[in-house]
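Analysis of the macromolecular model
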Amino acid sequence: MVLLASRRSFVPLHIGRFVLLALGGLLVGHQAVYVAQYGEGAALGQAMTASGHDGYWSAFTTVALSGLLLLLLRSAWRLVELRRDATGPALQAPEHGRPSAYGRELLRLWPPLFGTVAVAYLVQENIEHLVAQGHLAGFSPLVGLQAPLALPILGLVTLAFAIAGALVRWRTALLEARARAAREPTRRFARRADRRSTSWALVGAIRATFWSLARQGPVRAPPSDFA
């Protein structure tokens, strides 16, 4: 069974998937930046506590990981459903199977994902500094001397997420095109059958009219009194 989404329902679904992907990228990117800055173990725990993560980090981690799991399951289910319906040959939609199509998906996904995660990380760090230390950090958590690797690390993390996300988008578009191509012969047959049924209905109407006229007996003239 292929589930068709209208344009009105497709946009919120597209935005929802992007938000879940961005939350996962923010979680992994944040942890990667802190590990690069402070190392692992006790030093990382102390840095997280000092910067005000203890109050919300567990809940944020749970939400982000749950969103990634939901996105993974939803994407896998969608691909399985499309693969079941995409019974046509692979060459029916060559434009969707080319590597250039995947490259376009990656270029469409990575820049906005990188920008969203970078801005979210900067806002997150400023709120943490304001709560824990009573002042805003400005742009220093992202481009300051104390975090010189923050931006490159976020770029690499979001690139990895974008590679996976673009692969799912590319594969989904390919299978959707194959499913449409597989359904096209059935649609052509249905249109041909409709045309044939319309033609036979017209022939039947003409035939019925002809026989009704042909079978009429001679018409009797009216009485002479009414002439």
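Predicted model only: the values in this text are computed from it and were never measured.

The subject of this paragraph is the overall build of the protein. Along the protein, the regular secondary structure elements total seven helices and zero strands. The helix and strand sequence of the protein, counted from the amino end, reads α-α-α-α-α-α-α. Across the 227 residues of the protein, 29% fall into the buried class. Counted over contacts in the protein with a minimum sequence separation of 6, partners at least 24 positions apart contribute 79%. If you sum the accessible surface of the protein, you get close to 14,900 Å²; carbon and sulfur atoms cover 68% of it.

Following the sequence through the fold, H30 ends up in helix α1 (residues 7-38). A distance of 3.0 Å separates polar atoms of two side chains, one belonging to H30 and the other to E125. Not counting the four nearest positions on each side in its chain, H30 is found in contact with M48, H53, W57, Y121, Q124, E125, E128 and L154.

What follows deals with the packing of aromatic side chains. Counted under the stated rule, the structure contains six aromatic pairs. Measuring from ring centre to ring centre gives 6.1 Å for Y102 and W170, while their planes differ by 75°; the resulting arrangement is edge-to-face. Residue Y102 is located in helix α5 (residues 99-133), and its partner W170 is located in helix α7 (residues 150-214); the two are separated by 68 residues in the primary sequence. Ring geometry for W110 and F114: centres 6.0 Å apart, planes at 10°, overall stacked. Of the two residues, W110 and F114 both sit in helix α5, four residues apart, roughly one turn of that helix. Note on F114: relative accessible area 24%, which makes it partly exposed. Linked through ring pairs, Y56, W57 and F60 together constitute an aromatic cluster.

Take a nonpolar patch on the surface next. A contiguous nonpolar patch, built from V119, V123, I127, L130, V131 and L136 and spanning about 580 Å² of accessible area, is present on the exposed surface. With respect to the helices, strands and loops of the structure, L136 is situated in the loop between α5 and α6 (140-143). The exposure class assigned to L136 is exposed, which follows from its relative accessible area of 56%.

Moving on, we get to the environment of G155. In this structure, G155 sits in helix α7. The class for G155 is buried, based on a relative accessible area of 9%. Distance from G155 to G29, taken between C-alpha atoms, is 8.6 Å for residues 126 residues apart in sequence. In this structure G155 touches W110 and F114, once residues within four positions along its chain are discounted.

Per-residue pLDDT for the protein has a mean of 78; in total, 68% of the residues score no lower than 70. By mean pLDDT, helix α4 (residues 94-97) is the weakest element of the protein at 51, and α5 is the strongest at 91. Per-residue pLDDT stays below 50 along residues 1-7; that stretch engages in eight contacts with residues further than four places along the chain or on separate chains. When the criterion is pLDDT under 50, residues 90-94 qualifies, and its contacts beyond four places in sequence or with other chains add up to six contacts.

Before going further, it helps to examine the side chain of E125. In this fold, E125 is placed in helix α5. No salt bridge is formed by the buried E125, whose closest oppositely charged neighbour, R169, lies at an N-O distance of 25 Å. In contact with E125, not counting residues within four places along its chain, are H30, Y34, H53 and P141.

Okay, helix α2 (residues 42-50) next. Among the residues of α2, those classed as buried are L44, A47 and M48. One face of α2 carries all of its buried residues, which in axial projection span an arc of 100°. Turned more than 90 degrees off the buried face of α2, the exposed positions are A42, Q46 and A50. Once α2 ends, the next one or two residues include G52, with phi positive near 85°.

This part covers the environment of L71. Examined against the element boundaries, L71 turns out to sit in helix α3 (residues 57-85). Among the residues examined, L71 registers a relative accessible area of 12% and is labelled buried. Residues L71 and L21, 50 residues apart in the sequence, show an inter-C-alpha distance of 7.8 Å. Leaving out residues up to four positions away in the same chain, L71 has contacts with R17, L20 and L21.

Procedures and definitions
- Residues numbered from 1 in each chain as written.
- Predicted model: local features only at pLDDT ≥ 70, side-chain atom pairs only at ≥ 80, totals over all residues.
- Heavy atoms only, no water.
- Helix = DSSP H or I, 4+ residues; strand = E, 2+ residues; numbered from the N terminus.
- Buried < 20%, exposed > 50% of the residue type's maximum accessible area, 1.4 Å probe, protein only.
- Contact = heavy atoms within 4.5 Å.
- Areas by Shrake-Rupley, 256 points an atom, 1.4 Å probe, with all protein chains shown as cover.
- Polar contact = N/O pair within 3.5 Å; in protein donor to acceptor, adjacent residues only side chain to side chain.
- Phe/Tyr/Trp six-rings, centres within 6.5 Å; stacked < 30°, edge-to-face > 60°.
- Patch = residues over 30% accessible without salt bridge, like charges linked within 9 Å, V, L, I, M, F, W, Y side chains within 5 Å.
- Salt bridge = Lys/Arg side-chain N within 4 Å of Asp/Glu carboxyl O.
- pLDDT = per-residue confidence, 0-100.
- Lys, Arg positive; Asp, Glu negative; His and termini not counted.
- Arc of directions from axis to C-beta.

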